[in-house]
Amino acid sequence: MLTTKAYGAQSATSTIDPMEISRREPGPHDVLFDILFCGVCHTDIHMSRGQFPRTIFPMVPGHEVIGKVTQVGSAVSKHKIGDIVGIGCLVDSCRECGECHAGEEQFCNGRVGTYNAFERDGKTPTYGGYSTRMTVDESYVLKISPRLDPAAAAPLLCAGITTYSPLRHWKVGKGSKVGVIGLGGLGHMAVKIAAAMGSDVTVLSTSDSKKADALRLGASDFAVTKDAATFKRLAGHFDLILNTVSANVNYDAYISLLKRDGNLVVLGIPDGPLSFNAFGLMLKRRSVSASLIGGIRETQEMLDFCADHGIVSDIETIAINQVNEAYERILKSDVRYRFVIDMASLR
Ligand code: NAP
Ligand code: ZN
Ligand code: ZN
């Protein structure tokens, strides 16, 4: 086993503190890499504070991982020593079911999360990217183009794919009217990617102070959602709305902003059930749906799309011992727009 330095939570009420974990020695199909950078996703906070149905402690969060390959198994063909690689939210899946065959591993009942999960043996816990190195099967390791800045590319591995996948699935293209609720980690990636797909993007935000940023990131319009006039001005306007807010919102109000056949996609994870009236949907055949990250093939497609369009995240780089402070700032919507841990600070 490879003894590895990490930061993690011992329980749902503890802070994120130094610990040691074991990684497996690379088998024939594995890639071992040094972790260079890891993004801090709001999900890291939900999970490490026990807000998800299942939590496994001790927990090492982090699923926006960029690394440099140091060793490859004898059967590895996709990656070689020295390559810059990425890991998102998945490190394995059953590989046999319809979802896996369709490249939608995120929906596989046997998917293995990068952390807060067990390997396919059902007993070895997985640990995330707040650590110095990682061993992962080559099929779940993504290639990072040398055209992408490695630190700013880290958030593509979750925030990027989580927004790219529904934009592609619901066929956003030139002239589509896209609304993005919440300008945080996911929201700012949604704006950049939807704008690069040719759509007209409106940011729907609680923070008046984010207007200039929204326009710089590629939005053509910005509306403050605390202002009732927003819901009159934009009534029936959108083909697609992505809700990236980590708390509950007024669904009826946002549904009224959809066109006929428009769709509101839930991406943020509130801690209670969603509620909305049937008529808001029925009278215009609107839908509310949800989306979960994306599969491995689509994640690679998104990374290549971002390399082609010069898209990375707007980041604030921190040292690992600043992660607790970063969590508090994320909870106050005080991040422009993703914290990324420089893992040199842990070596
Ligand atoms: P984040 O950086 O904290 O961004 C969330 C944004 O939502 C904030 O910046 C803020 O934007 C807005 N917001 C926050 N609290 C709000 C409130 N009480 N009412 C209204 N707006 C509020 O978080 P993130 O990392 O982007 O993640 C967002 C959510 O998506 C989290 O719940 C996370 O767990 C979830 N997630 C889901 C998936 C998936 O596969 N579906 C993947 C990754 C993350 P404004 O200041 O502009 O209002
Ligand atoms: Zn995430
Ligand atoms: Zn499967």
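Keep in mind the model is a prediction, meaning the values are calculated, not measured.

Here the focus is helix α5 (residues 185-196). Between its first and last C-alpha, α5 extends 17 Å over twelve residues, near the 16 Å set by a 1.5 Å rise per residue. Counting buried residues in α5 gives ten out of twelve residues, a clear majority hidden from the surface. Buried residues of α5: G185, L186, G187, H188, M189, A190, V191, K192, I193 and A194, and no others. A positive backbone phi angle near 100° is found at G198, which sits one or two residues after α5.

The next subject is the state of the cysteines. With the rule as written, the count across this model stands at zero disulfides. For the unlinked cysteine C306, the closest cysteine sulfur is that of C158, found at 13 Å. You can call C306 buried: its relative accessible area is 0%.

With that out of the way, let us pick up the coordination of the zinc ion (ligand 2). At this site the zinc ion (ligand 2) is bound by C41 (SG), H63 (NE2) and C158 (SG), with donor distances of 2.0 to 2.3 Å. Positions of the donor residues of the zinc ion (ligand 2) along the chain correspond to the pattern C-x21-H-x94-C. In this pair, C41 sits in the loop between β3 (30-40) and α1 (42-48) while H63 sits in the loop between α1 and β4 (65-72), placing the two residues 22 residues apart along the sequence. An identical accessibility class is assigned to C41 and H63; each is buried.

Here we take up the packing of aromatic side chains. Summed over all chains, the structure comprises three aromatic pairs. Arranged with centres 5.4 Å apart and planes meeting at 70°, the rings of F231 and Y254 form a pair that is edge-to-face. With F231 in helix α7 (residues 228-233) and Y254 in helix α8 (residues 251-255), this residue pair connects regions lying 23 residues apart in the sequence. Assessed through its relative accessible area of 6%, Y254 is described here as buried.

Before going further, it helps to examine the coordination of the zinc ion (ligand 3). In this structure, C94 (SG), C97 (SG), C100 (SG) and C108 (SG) serve as the protein donors to the zinc ion (ligand 3), at separations of 2.3 to 2.4 Å. Note that the zinc ion (ligand 3) binds four donor atoms; their angles at the metal cover 104 to 117°, and the shape is tetrahedral. Mapped onto the sequence, the residues coordinating the zinc ion (ligand 3) show the spacing C-x2-C-x2-C-x7-C. A residue is classified by how much of its surface remains accessible, and C97, at 24% relative accessible area, is partly exposed.

With that settled, consider the domain arrangement of the chain. Once the domains are mapped, the chain shows domain 1 (2-158 + 312-345) and domain 2 (160-290). Computed over C-alpha atoms only, the centres of domain 1 and domain 2 are separated by 28 Å. In total, domain 1 and domain 2 occlude about 1,300 Å² of area from one another, counting both sides; carbon and sulfur atoms represent 49% of this. When the buried surface of domain 1 facing domain 2 is broken down by residue, C158, D314 and Y337 rank first, second and third, together holding 40% of it. Inspection of the domain 1/domain 2 interface yields three salt bridges. Between D314 and R216 there is a salt bridge, and its shortest N-O distance comes to 3.0 Å. Counting across the domain 1 and domain 2 interface gives 15 residue pairs in polar contact (both at pLDDT 80 or more). Partitioned by chemical class, the residues of the side of domain 1 that touches domain 2 number seven nonpolar, four polar and three charged.

A word on the nonpolar core. Of all hydrophobic cores here, the largest spans 87 residues; its most connected members are F33, Y130 and L167. The residues that make up this core include at least three from each of domain 1 (2-158 + 312-345) and domain 2 (160-290). Grouped together as the second largest cluster of nonpolar side chains are 17 residues, I241, Y251, Y254 and V266 included.

A word on the sheet that holds strand β10 (residues 177-181). Ordered by their spatial adjacency, six strands build an open sheet running β12-β11-β10-β13-β14-β15, and the pairing between neighbours is parallel. On the outer flanks of this sheet lie β12 (221-224) and β15 (287-290), each paired with one strand and no other. Ignoring which end each strand starts from, the neighbouring axes of this sheet average 20° apart. As paired strands, strand β11 (residues 200-205) and β12 are joined by four bridges and run parallel to one another. Bridge pairing links T202 to D221 in β12.

Cut-off values and rules
- Residues numbered from 1 in each chain as written.
- Chains lettered and ligands numbered in written order.
- Predicted model: local features only at pLDDT ≥ 70, side-chain atom pairs only at ≥ 80, totals over all residues.
- Heavy atoms only, no water.
- Helix = DSSP H or I, 4+ residues; strand = E, 2+ residues; numbered from the N terminus.
- Expected span 1.5 Å × (residues − 1).
- Buried < 20%, exposed > 50% of the residue type's maximum accessible area, 1.4 Å probe, protein only.
- Disulfide = S-S within 2.5 Å.
- Donors = N, O, S within 2.8 Å, 3.2 Å for Na, K, Ca; no water.
- Phe/Tyr/Trp six-rings, centres within 6.5 Å; stacked < 30°, edge-to-face > 60°.
- Tetrahedral: all angles 85-135°; square planar, octahedral: opposite > 155°, others 65-115°.
- Domains from an automatic or database assignment.
- Buried area = accessible area lost by both parts, 1.4 Å probe.
- Salt bridge = Lys/Arg side-chain N within 4 Å of Asp/Glu carboxyl O.
- Polar contact = N/O pair within 3.5 Å; in protein donor to acceptor, adjacent residues only side chain to side chain.
- Nonpolar A, V, L, I, M, F, W, Y, C, P; charged D, E, K, R; others polar.
- Core = buried A, V, L, I, M, F, W, Y, C linked by side-chain atoms within 4.5 Å.
- Pairing = 2+ DSSP bridges.
- Axes fitted to C-alpha atoms, helices over the stretch in contact; angles between N-to-C directions.

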